[in-house]
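A look at the structure
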Amino acid sequence: MNDRKSTIAFSGKDSAKRASDKLNLMLRWLWRWKFSDHYVLGKLWGVGYRSVMSTVASYEKKGLIARVKGPGMPSHVYYLKELGAEHAARIMAESRWIDMKPAIYVSRLGLKQVQHDLAVQYLILKLEKEAKEKTGSGIEVINDRQLRFNNNLLFNEGKKIPDALIRYKNGDLFAIEMVESMYETQERKRVLWLHAEAKAHNKIKGTIYASTLKNYLRLIQSAANSDCGSWKYLKDKKKWINDPKGIKYVNQEYLKESILFIDLSKYRNHLYTR
């Protein structure tokens, strides 16, 4: 596909190529993630804050993107407008993710959703950088929106959707579980069990738990080191119950080999004003 047909025209041959690449990178990212912020875009483009703000301002003037800022957030998030979505659709025409809808309704954009999903993006960029430094190759990423289009990757017949899956150069596939709001103890155990079950069934190599709050990671670790039991979903009642006859997948071998905790507290000031 000729990307030049799917981008805005820029003057100057070399600058046009750089500008086209930068624009296409942003359009693909916003198509997949729906929204992002200046920190992520800066990392994608490899530029600093001033350059990012200048570039996004020009895209806003062209009607490609718009911004919104929720209460309790220190900065704006950017999303595709209709014109930007049209250009992104042409870029994504040959992608298996073309059927995903990139446009968002600002009135439905929940603050917790934004903070959670941005934290996932920060983690993805961190893991991408580390993989390139270690192996010279990046990672393949499938986020939760994309997973809904690929049911064979979902856990427990679709009853659990991880926040993302990442695949390394050697083929190892890891699930991402971002913890930006804490759930009850039994729910922690159920989520741990579902990830361990996916590992036991060779769907994933392991799970990466991450949070901008260290205490949340400690709570997950505490639940992991206790008896997580076994779980069963009752379709008629649409609820999960403990299953004494089931398999306890969360064991010491699993905890030692297949689970990783990553502290993202240094990114917290990007997401919260307090």
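Here goes a summary of the coordinates provided. Please read these numbers as outputs of a predicted model, since none were measured by experiment.

Rules and cut-offs
- Residues numbered from 1 in each chain as written.
- Predicted model: local features only at pLDDT ≥ 70, side-chain atom pairs only at ≥ 80, totals over all residues.
- Heavy atoms only, no water.
- Helix = DSSP H or I, 4+ residues; strand = E, 2+ residues; numbered from the N terminus.
- Buried < 20%, exposed > 50% of the residue type's maximum accessible area, 1.4 Å probe, protein only.
- Polar contact = N/O pair within 3.5 Å; in protein donor to acceptor, adjacent residues only side chain to side chain.
- Contact = heavy atoms within 4.5 Å.
- Expected span 1.5 Å × (residues − 1).
- Arc of directions from axis to C-beta.
- Core = buried A, V, L, I, M, F, W, Y, C linked by side-chain atoms within 4.5 Å.
- Pairing = 2+ DSSP bridges.
- Axes fitted to C-alpha atoms, helices over the stretch in contact; angles between N-to-C directions.

Topic: the side chain of serine 36
Here serine 36 is to be found in strand β1 (residues 35-36). Since its relative accessible area comes to 0%, serine 36 is described here as buried. In this structure the side chain of serine 36 is engaged in a polar contact, spanning 2.7 Å, whose partner is the side chain of glutamine 121. With sequence-adjacent residues up to four places away left out, serine 36 is seen in contact with Trp29, Leu30, His76, Val77, Tyr78, Leu118 and Gln121.

Some details on helix α8 (residues 214-225)
Over its 12 residues, α8 runs 17 Å from end to end, which matches the ideal 16 Å to within 8%, given 1.5 Å per residue. Inspection of α8 places Tyr216, Leu217, Ile220, Ala223 and Ala224 among the buried residues, and these make up the whole buried set. Angular distribution of buried residues about the axis of α8 spans 120°; they occupy a single face of the element. Taken together, the buried residues of α8 touch α7 (185-200), β7 (206-211), α9 (252-257) and β10 (259-263).

As for the environment of valine 40
Mapped onto the elements of the fold, valine 40 is located in helix α2 (residues 38-45). Residues valine 40 and tryptophan 29, 11 residues apart in the sequence, show an inter-C-alpha distance of 9.7 Å. Those residues in contact with valine 40 that lie beyond four places of it in its chain are Trp29, Gln121, Tyr122 and Leu125.

Quick notes on α2
Of all 8 residues in α2, 6 are buried; the element is thus mostly enclosed. All buried positions along α2 are accounted for by His38, Tyr39, Val40, Leu41, Gly42 and Trp45.

Remarks on the nonpolar core
Grouped together as the largest cluster of nonpolar side chains are 35 residues, with contacts concentrated most on Leu118, Leu123, Ile124, Leu127, Ile166 and Ile208. Of all elements in the fold, only α1 (13-33), α2, β2 (65-68), β3 (77-80), α5 (111-135), β5 (164-167), β6 (173-178) and β7 reach the threshold of two or more residues within this core. At 10 residues, α5 tops the list of elements feeding residues into this core. Those residues within four positions of leucine 123 in sequence are excluded, and the remaining contacts are Ile176, Met178, Ile208, Ala210, Ile262 and Leu264.

Brief notes about the sheet that holds β3
Read across the open sheet, the 3 strands follow the order β1-β3-β2; overall the sheet is antiparallel. With partners counted over all chains shown, the strands left at the sheet margins are β1 and β2, one partner each. Direction of pairing for β1 relative to β3: antiparallel, over a ladder of 2 bridges. By the bridge assignment, phenylalanine 35 is partnered in β3 with tyrosine 79. In the packing of helix α3 (residues 49-61) onto the sheet, the strands contacted are β2 and β3, and the crossing angle to β2 comes to about 115°.

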